[in-house]
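The lines below spell out each chain.
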Amino acid sequence: MKVLLFGIAKDIAGAPVIQVDTPVTQVAGLREYLYGRYPRLRELRSCMIAVNKVYAADGDALQPGDEIAVIPPVSGG
Amino acid sequence: MQRYDRQIRLEGFGEEKQRQLGASSALVIGAGGLGVPVLQYLTAMGIGKVGIVEQDNVSITNLQRQVIYTMEDEGKPKLQAAVKRLQQLNPEVDFVQHPDFLMPGNALDVIAPYDIVIDCTDNFGTRYLVNDACVILNKPFIYGAIYKYEGQVSVFNYKGSATYRCLFPEAPQAGDMLNCSEIGVLGVLPGIVGTYQANEAVKVLCGIGVPLANQLLTIDTLYNTHHIFEVKPVPGNHSIEALLPDYEQGLCNTRSVQSLSVQQLQQWLDTGKQFRLLDVREMDEWEICHIPQASHIPMRAVMNALPQLQLSPGTPVVILCHHGMRSLMVAQQLAAAGFDAVYNVEGGIHAWAQEIDEEMMTY
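Topic: the overall build of chain A
When helices and strands are tallied, chain A shows two helices and five strands. For chain A, the N- to C-terminal ordering of α and β elements is β-α-β-α-β-β-β. Computed over its C-alpha atoms, the radius of gyration of chain A comes to 12 Å, within 12% of the 11 Å expected for a compact globule of 77 residues. Overall size of chain A, expressed as C-alpha extent along the three principal axes, is 35 × 20 × 20 Å. Per-residue burial over chain A gives 53% buried out of 77 residues.

Some remarks on the environment of Lys49 of chain B
With respect to the element layout, Lys49 of chain B can be found in strand E2 (residues 49-53). Spatially, the C-alpha atom of Lys49 of chain B lies 47 Å from that of His296 of chain B, the residues being 247 residues apart in sequence.

Looking at the nonpolar core
Formed by 63 residues in total, the largest nonpolar core has its most connected members in Met48 of chain A together with Leu102 of chain B. When residues in this core are grouped by element, the largest group, six residues, is from helix H6 (residues 124-137) of chain B. Residues within four places of Met48 of chain A in sequence aside, it is in contact with Tyr55, Ala69, Val70 and Ile71 of chain A together with Leu167, Phe168, Leu216, Phe229 and Val231 of chain B. Residues Leu39, Ile52, Val202 and Val204 of chain B belong to the second largest nonpolar core, which totals 42 residues.

As for empty space enclosed by the protein
Residues and elements named next belong to chain A. Counted under the stated rule, the structure contains one cavity of 30 Å³ or more. Here the largest cavity is characterised by a volume of approximately 60 Å³. Lining of the largest cavity is provided by Arg31, Leu34, Tyr35, Leu41, Leu44, Cys47, Ile49 and Val70. Residue classes in the lining of the largest cavity are distributed as seven nonpolar, no polar and one charged.

A few points about the packing of aromatic side chains
Residues and elements named next belong to chain B. Taken as a whole and judged by the stated rule, the model has nine aromatic pairs over all chains. Relative to Tyr164, the ring of Phe156 has its centre 6.0 Å away and its plane inclined at 55°; by these criteria the two rings are tilted. Considering the side-chain rings of Trp268 and Tyr343, the 4.9 Å spacing of their centres and the 75° angle between planes classify their relative orientation as edge-to-face. One end of the pair, Trp268, is in helix H10 (residues 262-270); the other, Tyr343, is in strand E13 (residues 342-345), and 75 residues separate them in sequence. This pair shows no difference in class: Trp268 is buried, exactly as Tyr343 is. Ring pairs connect the aromatic residues Tyr128, Phe141, Tyr143, Phe156, Tyr164 and Phe168, which therefore count as one cluster. Above the ring of Tyr114, the side-chain terminus of Lys49 is found at 5.1 Å from the ring centroid.

Brief notes about a nonpolar patch on the surface
Residues and elements named next belong to chain B. Judged by side-chain polarity, Tyr149, Leu186, Val188, Ile192, Leu222 and Tyr223 come together as a nonpolar surface patch covering roughly 590 Å² of accessible area. Structurally, Leu222 is set in the loop between strand E7 (215-220) and strand E8 (225-230). When its relative accessible area of 47% is taken as the criterion, Leu222 is described as partly exposed.

Some points on the interface of chain B and chain A
Contacts between the two partners involve 39 residues from chain B and, on the opposite side, 25 residues from chain A. Summing the contributions of chain B and of chain A, the shared interface buries around 2,800 Å²; its carbon and sulfur component is 57%. Applying the counting criterion to the chain B and chain A interface returns three salt bridges. Where chain B touches chain A, the interface holds 16 residue pairs in polar contact (both at pLDDT 80 or more). Secondary structure elements with two or more residues in the side of chain B that touches chain A: H6, strand E5 (141-147), strand E6 (150-156), helix H7 (164-167), E7 and E8 of chain B. Ranked by residues supplied to the side of chain B that touches chain A, first place goes to E5 of chain B with five residues. Each residue belonging to the side of chain B that touches chain A can be placed in one class, and the counts come to 20 nonpolar, 11 polar and eight charged.

Section: the pairing of strand E1 (residues 2-5) of chain A
Regular strands place their side chains on alternate faces of the sheet. All names here are of chain A. Judged from the four bridges that link them, E1 and strand E5 (residues 67-71) form a sheet pairing that is parallel. Within E5, the residue paired with Val3 across the bridge is Ile68. In this structure, E1 lies alongside strand E2 (residues 17-19), joined through three bridges in antiparallel fashion. If you follow Val3 over to E2, its bridge partner there is Ile18.

A closer look at the pattern of salt bridges
The full count for this structure, using the stated rule, is 19 salt bridges over all chains. Salt-bridge contacts for Lys148 of chain B lead to Asp11 of chain A; the nearest nitrogen and oxygen are separated by 2.8 Å. You can see Lys148 of chain B sitting in the loop between E5 and E6 and its partner Asp11 of chain A sitting in helix H1 (residues 7-13), one on each of two chains. With a shortest N-O distance of 2.8 Å, Glu15 of chain B and Arg19 of chain B are connected by a salt bridge. Of the two residues, Glu15 of chain B and Arg19 of chain B both sit in helix H2 (residues 14-22), four residues apart, roughly one turn of that helix. For Glu15 of chain B, a relative accessible area of 42% translates into the label partly exposed. Where salt bridges share partners, they join Glu72, Asp73, Lys84 and Arg85 of chain B into one cluster.

With respect to the sheet that holds strand E12 (residues 317-320) of chain B
Residue and element names in this part refer to chain B. If you walk across this open sheet you meet the five strands as E9-E13-E12-E10-E11, and the pairing is parallel. Because the sheet does not close on itself, it has two edges, and the strands there are strand E9 (257-260) and strand E11 (295-296). Pairing analysis gives three bridges linking E12 to E13, with the strands arranged parallel. Opposite Ile319, over in E13, you have Asn344 as the bridge partner.

Definitions and cut-offs
Residues numbered from 1 in each chain as written. Chains lettered and ligands numbered in written order. Predicted model: local features only at pLDDT ≥ 70, side-chain atom pairs only at ≥ 80, totals over all residues. Heavy atoms only, no water. Helix = DSSP H or I, 4+ residues; strand = E, 2+ residues; numbered from the N terminus. Rg over C-alpha atoms; globule rule 2.2 N^0.38 Å. Buried < 20%, exposed > 50% of the residue type's maximum accessible area, 1.4 Å probe, protein only. Core = buried A, V, L, I, M, F, W, Y, C linked by side-chain atoms within 4.5 Å. Contact = heavy atoms within 4.5 Å. 1 Å grid on protein atoms, 1.4 Å probe; cavity = no way out; pocket = protein on both sides within 12 Å on 5 of 7 lines; lining within 4 Å. Points joined across faces, edges and corners; volume = space filled by probe spheres on them. Nonpolar A, V, L, I, M, F, W, Y, C, P; charged D, E, K, R; others polar. Phe/Tyr/Trp six-rings, centres within 6.5 Å; stacked < 30°, edge-to-face > 60°. Lys NZ or Arg CZ within 6 Å of the ring centre and 35° of its normal. Patch = residues over 30% accessible without salt bridge, like charges linked within 9 Å, V, L, I, M, F, W, Y side chains within 5 Å. Areas by Shrake-Rupley, 256 points an atom, 1.4 Å probe, with all protein chains shown as cover. Salt bridge = Lys/Arg side-chain N within 4 Å of Asp/Glu carboxyl O. Buried area = accessible area lost by both parts, 1.4 Å probe. Polar contact = N/O pair within 3.5 Å; in protein donor to acceptor, adjacent residues only side chain to side chain. Pairing = 2+ DSSP bridges.

Shown next, in the form of structure tokens:
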């Protein structure tokens with residue numbers, strides 16, 4: 001599963017795209033996986049996750065080929 | 001109307017849309033990196049009325065991206081400098097100056113008279129305040145935000161579309177790594193994102209095309225990748241009835257932090273009062289100028305360095321940064337961590353250079 005990272009999530013992971021090979025079936029499970037791999041991500045209280053370019057809630061299901069995006073808020077102006 | 005000839009000739013815009021634009025109004029919150037291109041284009045294109053909320057003065061570090069200002073504006077209010085140039089660009093536009101910070105106490109009154117709001121602010125607190133006030137007043141608002149080489153744009157609260165809280169329900173916490181870190185920006189990025197905001201504003205005001213409602217556009221200028229993410233309105237986010245009492249407080253607890261003026265700080269130093277002075281700017285800023293009695297520790301490192309700093313809970317701790325924002329965040333963290341005599345230097349080292357030590361280098 002390909003995960004695109006934006007904003008500070010990209011900095012935390014050190015890469016714009018990561019591959020997740022662990023089977024996760026729900027957005028919530030993916031969040032937990034990412035928190036385990038990059039603990040600092042947990043500090044982002046609101047971090048949008050999109051699945052195949054659509055905003056996804058924690059309860060939404062994931063399929064193996066899905067493209068995920070992790071989009072933290074940004075405040076610069 | 002001659003100045004709008006190219007828009008009037010444009011298929012899909014024409015005289016009717018030009019008149020519509022001329023009869024409409026927008027409030028631009030912030031005349032910085034994002035606000036400047038928004039103001040320039042809305043003015044040039046012939047919006048009827050534009051309100052500008054801005055409190056800051058022009059600094060030399062603004063000029064690489066806030067291209068309406070010039071060297072001669074340094075130190076002067078941005079609002080005054082911007083309106084002067086915008087009037088030269090197009091005197092037909094009605095400019096309304098709001099020389100204030102947008103606060104819970106004034107937000108509804110300031111926003112109410114305008115058709116749309118353009119969020120060109122640079123901090124989460126004001127972004128959530130803009131969201132909530134626009135939801136209460138049922139105004140669409142055009143969101144733009146930047147981080148390093150990336151930008152985000154969306155049109156929120158437009159005919160029932162998703163709001164900022166539908167994407168990001170909760171504001172980041174005090175001292176969160178996302179907030180107020182002054183991390184640097186390439187001059188063109190706010191120009192690109194602000195120009196997108198101006199484009200979306202015109203689309204909404206004139207009813208052309210498909211605005212970015214229920215969509216988040218992300219732009220990565222290093223790799224030229226653009227994405228549009230679909231978002232949905234979350235039930236409940238349109239039924240805000242009142243503003244929060246304090247949006248800064250939504251981010252962080254300000255109660256136990258006290259303010260210290262640069263004059264008071266000078267007095268404390270001169271009288272040999274027992275206290276610790278922490279300068280939480282970055283190393284390159286520290287190297288430009290600092291107060292000799294200060295200890296240097298960058299904002300992001302403070303909380304992890306508490307044991308080494310050997311702060312004693314009874315000794316006052318005074319926090320200093322460039323303008324007083326980062327230091328406030330650190331002060332709030334220290335207060336939250338149990339230090340009960342925490343002071344934030346109002347106006348930061350910039351105020352110190354202006355009011356106490358005129359020979360100090362500024363930036």
